[in-house]
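Residue-level listing of the chains:
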Amino acid sequence: MTLRSVILGTGSALPRRRVDNAELAQTVDTSDEWIVERTGIRARYIAGEGETTTTLALGAARNALDMAQVDASEIDLIILATATPDQTFPASATTVQAGLGINDCVAFDVAAVCSGFLYALTIADNMLRGGAARTALVIGAETFTRILDWEDRATCVLFGDGAGAVVLRAERTDARTGRGILASRLHADGRYNGLLNVDGGPSTTGTVGKVRMKGQDVFRHAVVNLAQVMTEVLTAVDLKASDVDWVVPHQANARILDATARKLGLDPSRVVVTVDQHANTSAASVPLALDTAVRDGRIKRGDLVVLEAMGGGFTWGAAVLRY
Ligand code: COA
């Protein structure tokens, strides 16, 4: 027997307003054809009045707790991955904690942009297996559309808002067949800041800033880094791409998903794709896609699942788990 972090439940939340490409093309110099051909994106959700990163995070957390049949009082760790917190401080995780009525637990945010959920999941996994906590809420939540430059058509059409969450619990399981996170790997290389960043911040401009990206360079790095880290994490547990039931990738661009799957020799029908409906929701995208595939019955208990993401920094990572 071995101690593993097992996903007991998943949840997600989206803003009320769905904006398809045709609607976006009324205010941005773009077209449905261009966006679909270059990215696979058909629609995104955009947070409106009263909707924030923490309201979305709370919605996702409540859904995950419901599925897990875990009471909020059992949560002793909350890690929220976001690049768009409600406030510069305190951590949005503490706002979620208060919203759930939990008076004392560990709660903090992780900033790794689109890889944020992989970072948060890996930290939670290590804390659970190390005995620092028993039951964790790991959330990825963003209102990324609030940091977009709506005059920059090369970026503003790519992103959306949303949240996803998982409830994780440390459980003793069979070392060979048991459920839980089997391995994860994280990376960062800060030399690439200039290819994908926000041109502001409390300590520099004193403003929030807007997303800036050199799309083609990001694309090239994404395919190489994602293929490399997925191979690395599978090798760590002596598995091959053909053993994997489902890949739940960061949903940035359908062409990145296709190119990465091809590089690894993965069956494309085993890759969960939600980018068409949600666009790139940064830290929310992996748990949002995971929840979608769990709730529509694709991912079943016992399935071997790989999660992967890459984002600003650059940061990137992957995890392999038996759901
Ligand atoms: N609508 C219409 N035309 C657009 C446009 C839009 N929304 N955005 C850019 N264009 C135009 C450009 O102005 C350019 O026109 P030009 O040839 O007349 O100068 C043309 O389309 C090609 O631009 P380019 O930037 O070379 O396009 P691309 O094929 O590289 O596609 C991305 C752009 C952003 C879709 C692509 O680079 C990409 O997906 N990169 C990865 C980004 C990503 O996923 N980042 C997040 C990682 S976490």
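For clarity, every value in this text was computed on a predicted model and none was experimentally measured. (Residues numbered from 1 in each chain as written. Predicted model: local features only at pLDDT ≥ 70, side-chain atom pairs only at ≥ 80, totals over all residues. Heavy atoms only, no water.)

Can you tell me about the environment of Ser115, naming the residues and giving the values?
Here Ser115 is to be found in the loop between strand E5 (106–110) and helix H5 (116–130). Of the residues examined, Ser115 reaches a relative accessible area of 0% and is grouped as buried. Sequence separation of Ser115 and Glu308 is 193 residues, and the distance between their C-alpha atoms is 7.8 Å. Leave out the neighbours within four places in its chain, and Ser115 touches Ala309, Met310, Gly311, Thr315 and Trp316. (Helix = DSSP H or I, 4+ residues; strand = E, 2+ residues; numbered from the N terminus. Buried < 20%, exposed > 50% of the residue type's maximum accessible area, 1.4 Å probe, protein only. Contact = heavy atoms within 4.5 Å.)

Before we move on, can you summarise the state of the cysteines with the specific residues and values?
Applying the stated criterion across every chain, the model contains zero disulfides. Unpaired in this structure, Cys114 has its nearest cysteine sulfur neighbour in Cys156, at a distance of 16 Å. (Disulfide = S-S within 2.5 Å.)

Which residues make up the pattern of salt bridges, and what are the values?
The full count for this structure, using the stated rule, is 13 salt bridges. Asp189 serves as the salt-bridge partner of Arg191, at 2.6 Å between the closest nitrogen and oxygen. Arg191 gets classed as exposed once you look at its relative accessible area, which sits at 67%. The salt bridge partner of Arg212 is Asp199, with a shortest N-O separation of 2.8 Å. Here Arg212 is found in strand E10 (residues 211–213), whereas its partner Asp199 is found in the loop between strand E9 (196–198) and E10, with 13 residues between them in sequence. Since its relative accessible area comes to 28%, Arg212 is described here as partly exposed. (Salt bridge = Lys/Arg side-chain N within 4 Å of Asp/Glu carboxyl O.)

I'd like to hear about the domain arrangement of the protein, residue by residue, with values.
The assigned domain composition of the protein is domain 1 (2–173) and domain 2 (180–322). Computed from C-alpha atoms alone, the centre-to-centre distance between domain 1 and domain 2 is 14 Å. On the side of domain 2, 50 residues touch domain 1, which itself brings 57 residues to the contact. For the interface between domain 1 and domain 2, the tally reads one salt bridge. Taken together, domain 1 and domain 2 are joined by 26 residue pairs in polar contact (both at pLDDT 80 or more). (Domains from an automatic or database assignment. Polar contact = N/O pair within 3.5 Å; in protein donor to acceptor, adjacent residues only side chain to side chain.)

Give me the lowdown on the UniProt feature "domain: Beta-ketoacyl-[acyl-carrier-protein] synthase III N-terminal" (unreviewed entry) in the protein, citing residues and values where you can.
Following the UniProt record, the feature "domain: Beta-ketoacyl-[acyl-carrier-protein] synthase III N-terminal" (unreviewed entry) maps to residues 108–190 here. Secondary structure over residues 108–190 splits into 23% helix and 39% strand, and the C-alpha atoms at its two ends are 22 Å apart. (UniProt positions renumbered as here; feature names shortened; annotations may be inferred.)

Break down the sheet that holds strand E8 (residues 180–188) for me, citing the residues and quoting the values.
Strand order in the open sheet formed by four strands is E8-E13-E12-E11, with mixed pairing between adjacent strands. The open sheet has two edge strands with one neighbour each: E8 and strand E11 (246–249). Neighbour-to-neighbour, the strand axes of the sheet open up by a mean angle of 15°, direction not taken into account. Here E8 runs beside strand E13 (residues 315–322); their pairing, made up of eight bridges, is antiparallel. Within E13, the residue paired with His187 across the bridge is Trp316. Contacts from helix H10 (residues 285–295) reach E11 and strand E12 (304–311), with the element oriented near 145° to E11. (Pairing = 2+ DSSP bridges. Axes fitted to C-alpha atoms, helices over the stretch in contact; angles between N-to-C directions.)

Please set out empty space enclosed by the protein residue by residue, giving values where relevant.
In this structure the tally under the stated criterion is one cavity of 30 Å³ or more. A volume near 40 Å³ is recorded for the largest cavity. Contributing to the lining of the largest cavity are Met230, Val247, Pro249, Leu257, Thr260, Ala261, Leu266, Val271 and Glu308. Sorting the residues of the lining of the largest cavity by element identifies E11 and helix H8 (254–264) as the ones contributing at least two each. Within the lining of the largest cavity, the residues separate by chemical class into seven nonpolar, one polar and one charged. (1 Å grid on protein atoms, 1.4 Å probe; cavity = no way out; pocket = protein on both sides within 12 Å on 5 of 7 lines; lining within 4 Å. Points joined across faces, edges and corners; volume = space filled by probe spheres on them. Nonpolar A, V, L, I, M, F, W, Y, C, P; charged D, E, K, R; others polar.)

Describe the UniProt feature "domain: Beta-ketoacyl-[acyl-carrier-protein] synthase III C-terminal" (unreviewed entry) in the protein, listing the residues and the values that go with them.
Within the UniProt annotation, "domain: Beta-ketoacyl-[acyl-carrier-protein] synthase III C-terminal" (unreviewed entry) is assigned to residues 236–323. Counting secondary structure, residues 236–323 comes out at 31% helix and 23% strand; the distance between its end C-alpha atoms is 18 Å.

Describe the nonpolar core, listing the residues and the values that go with them.
Core analysis: the largest hydrophobic core is formed by 43 residues, its most contacted members being Val157, Val211, Phe314 and Val320. A per-element tally of this core places helix H7 (residues 215–236) first, with eight residues. A domain split of this core shows at least three residues from each of domain 1 (2–173) and domain 2 (180–322). Counting 36 residues, the second largest nonpolar core, distinct from the first, contains Leu118, Leu121, Ala136 and Leu290. (Core = buried A, V, L, I, M, F, W, Y, C linked by side-chain atoms within 4.5 Å.)

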